[in-house]
Amino acid sequence: MSTCLPCALDDADDEAVVYRDRAWACEVSDGYEVPGWFVLRLRRHTEGWTGPTAAELAEFGPLAQRLSAAIQQATGAPRVYFMSFGENYRHFHFLVIARDPALQPDRRGAAILSLLPDHRDLAASLAVAAKVRTALTA
Ligand SMILES: [Zn+2]
């Protein structure tokens, strides 16, 4: 078993997958299954902004734009956050979060991460993932 969570997502169940192509993938991730939270990642293991190739980076912009639009369409989120720390998992990836319109102001921005311990709900996360998948293919 891989100790790299983003690498291990290549084995995610189909219902957790929002998007996949040759290079990129977006899934509901074990441990981060808050409804509207996803991991966008390069499928191959590479680290930091120096890791991706120019071709991979050229694909990233349009994909991030499509994904953000699909998440907004599927969830009604006024903002879609893209967070990348490279701290716990050095693998090049983003935590992509639909910010709920009703979220209290003191939980917006990076403070949204404080929702993780009490808001994990796999079934609800997979339901949101299905809606985003549909929006991506529309
Ligand atoms: Zn990895």
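Model, not experiment: these values are computed from the prediction.

Trainee: Would you take a moment to explain the side chain of glutamate 33 for this structure?
Mentor: As for its position among the elements, glutamate 33 is in the loop between β2 (24–27) and β3 (37–42). Under the relative-accessibility criterion, glutamate 33 is labelled buried at 9%. Looking at glutamate 33, its side chain comes within polar contact range of the side chain of arginine 120, at 2.8 Å. Setting aside residues up to four positions removed in sequence, glutamate 33 forms contacts with Val28, His119, Arg120, Asp121, Leu122 and Ser125.

Trainee: I keep staring at the coordination of the zinc ion and nothing clicks. Help me out?
Mentor: Six octahedral donors around a metal ideally make angles of 90 or 180 degrees; four tetrahedral donors ideally make 109.5 degrees. The protein atoms donating to the zinc ion are Cys4 (SG), Cys7 (SG), His45 (ND1) and His91 (ND1), with metal-donor distances spanning 2.0 to 2.3 Å. Coordination at the zinc ion is tetrahedral: its four donor atoms span angles of 104 to 118° at the metal. Look at where the donors of the zinc ion fall in the sequence and you get C-x2-C-x37-H-x45-H. Here histidine 91 lies in the loop between β4 (79–83) and β5 (93–99) and cysteine 7 lies in helix α1 (residues 5–8), a separation of 84 residues in the sequence. Judged by its relative accessible area of 24%, cysteine 7 is partly exposed.

Conventions and cut-offs
- Residues numbered from 1 in each chain as written.
- Predicted model: local features only at pLDDT ≥ 70, side-chain atom pairs only at ≥ 80, totals over all residues.
- Heavy atoms only, no water.
- Helix = DSSP H or I, 4+ residues; strand = E, 2+ residues; numbered from the N terminus.
- Buried < 20%, exposed > 50% of the residue type's maximum accessible area, 1.4 Å probe, protein only.
- Polar contact = N/O pair within 3.5 Å; in protein donor to acceptor, adjacent residues only side chain to side chain.
- Contact = heavy atoms within 4.5 Å.
- Donors = N, O, S within 2.8 Å, 3.2 Å for Na, K, Ca; no water.
- Tetrahedral: all angles 85-135°; square planar, octahedral: opposite > 155°, others 65-115°.

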